[in-house]
Amino acid sequence: MTSRTGFVYDPIFLEHETGTHPENGSRMTATMALLAESRLLDRMQRIPVRPASADELTLVHDSRYVEAVRHAAEAGGGWVDPDTLITPRSYDVAADVVGGTLNALDAVFDGTVDNTFCLVRPPGHHATPVQAMGFCLFNHVAIAAAHARRRGLDRVAIVDIDVHHGNGTQDAFYTDPSVLYVSTHEYPFYPGTGSLEETGKGAGGGANINIPLPPGCGDTVYRVLFDEIVLPALHRFRPQAVVVSAGFDAHFADELADEQLSVDGYGVLIGKLVEAAGELCDGRLLVALEGGYDLVALPWCVRRTLELLLGVDVTPDPLGAGVPSRSPADVEALIAQIREVHGL
């Protein structure tokens, strides 16, 4: 039987060599080792990567920025800011991340697969049209959404579950009513954006939904937020495809943030998105990796995501639950505000 889930990974992603930086190639090797052990790799269709063209990169990024990244890499690389490194291979690697993501989306559109997972690095959702930041160079998820629009879709939804706000994705579509952006993130936290008042501008007003969370939120709070805000927003918007910025750094084991999601908790969120895509857009769903830096939690979150995309029995969470300090009662006022602002 041919698998209906696609999978993007290529060893070239290891060539963005960042040393001991938290965003390093060990994220890929640890995850691939667990997936090989699980035999899930044998159940998916491998989708090849390719370099994204300049035309594709400039669906979101300014052409001068694209050339600046290329020139910086060719000149030997360097630090863009204290968090973000360009290496001699970074342009080629990041272009392949985008090309692989677009190949995955095309496979969904063409009916080759029902859904896809992109195990890629460097991440992308902090990269604005004109600036690299937050470990990110090219915004693969935003470019995928723009590519979907160019392929003729009228409505694309992006759901960002990274613990950091995807400021670059927000910037790319802030005035665009055809792309719904919904983000759950710790706030106030890096990069400092993502307040609930940031709702879009002009024709895009209302198409940007931020869910800024205090630290200490765990599985129950996130589930309530999905049920009360994320899913109603998706059902009202009725997207023709759903793209997920899958950051797994809200896991309690991740030291770069302060939320308390577990593998099971992430599984609930992914499961709800799989179900929503099935109801709203014939299952057209692309999930692409963003953050997630704990080398045990990240592989297990990816494994759970793939099991849900494949529709197979899930493996018990070996890490257990976190110790949340927040309950649904603590976010009742936030939920009420967001529902009022967005008419949900």
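Residues numbered from 1 in each chain as written. Predicted model: local features only at pLDDT ≥ 70, side-chain atom pairs only at ≥ 80, totals over all residues. Heavy atoms only, no water.

(A) Structural detail: the overall build of the protein chain. Helices and strands together make up the secondary structure of the protein chain, namely 10 helices and 10 strands. A compact globule built from 344 residues should have a C-alpha radius of gyration of about 20 Å, and the protein chain, at 18 Å, falls within 12% of that. Projected onto its principal axes, the C-alpha positions of the protein chain cover 50 × 50 × 40 Å. For the protein chain, buried positions account for 60% of its 344 residues. In the protein chain, the proportion of contacts linking residues at least 24 apart, taken out of those at least 6 apart, comes to 78%. Summing over all exposed atoms, the protein chain offers an accessible surface of approximately 12400 Å²; the carbon and sulfur share of this is 51%. Both charge centroids of the protein chain, one from 24 positive and one from 46 negative side chains, sit 7 Å from each other. (Helix = DSSP H or I, 4+ residues; strand = E, 2+ residues; numbered from the N terminus. Rg over C-alpha atoms; globule rule 2.2 N^0.38 Å. Buried < 20%, exposed > 50% of the residue type's maximum accessible area, 1.4 Å probe, protein only. Contact = heavy atoms within 4.5 Å. Areas by Shrake-Rupley, 256 points an atom, 1.4 Å probe, with all protein chains shown as cover. Lys, Arg positive; Asp, Glu negative; His and termini not counted. Charge placed at Lys NZ, Arg CZ, Asp CG, Glu CD.)

(B) Representation of the sheet that holds strand 5 (residues 115-118) in the model. In space, the 8 strands of this open sheet follow the order 2-1-5-10-9-6-7-8, with parallel pairing throughout. Pairing within the sheet leaves two strands with one partner each, and these edge strands are strand 2 (45-46) and strand 8 (208-213). Both strand 9 (residues 241-246) and strand 10 (residues 285-289) contribute to a ladder of 5 bridges, which runs parallel. What sits directly across from V242, in strand 10, is L285. Packing of helix 5 (residues 140-150) onto the sheet brings it into contact with strand 6 (156-160), strand 7 (179-186), strand 9 and strand 10, and relative to strand 6 it is tilted by some 165°. (Pairing = 2+ DSSP bridges. Axes fitted to C-alpha atoms, helices over the stretch in contact; angles between N-to-C directions.)

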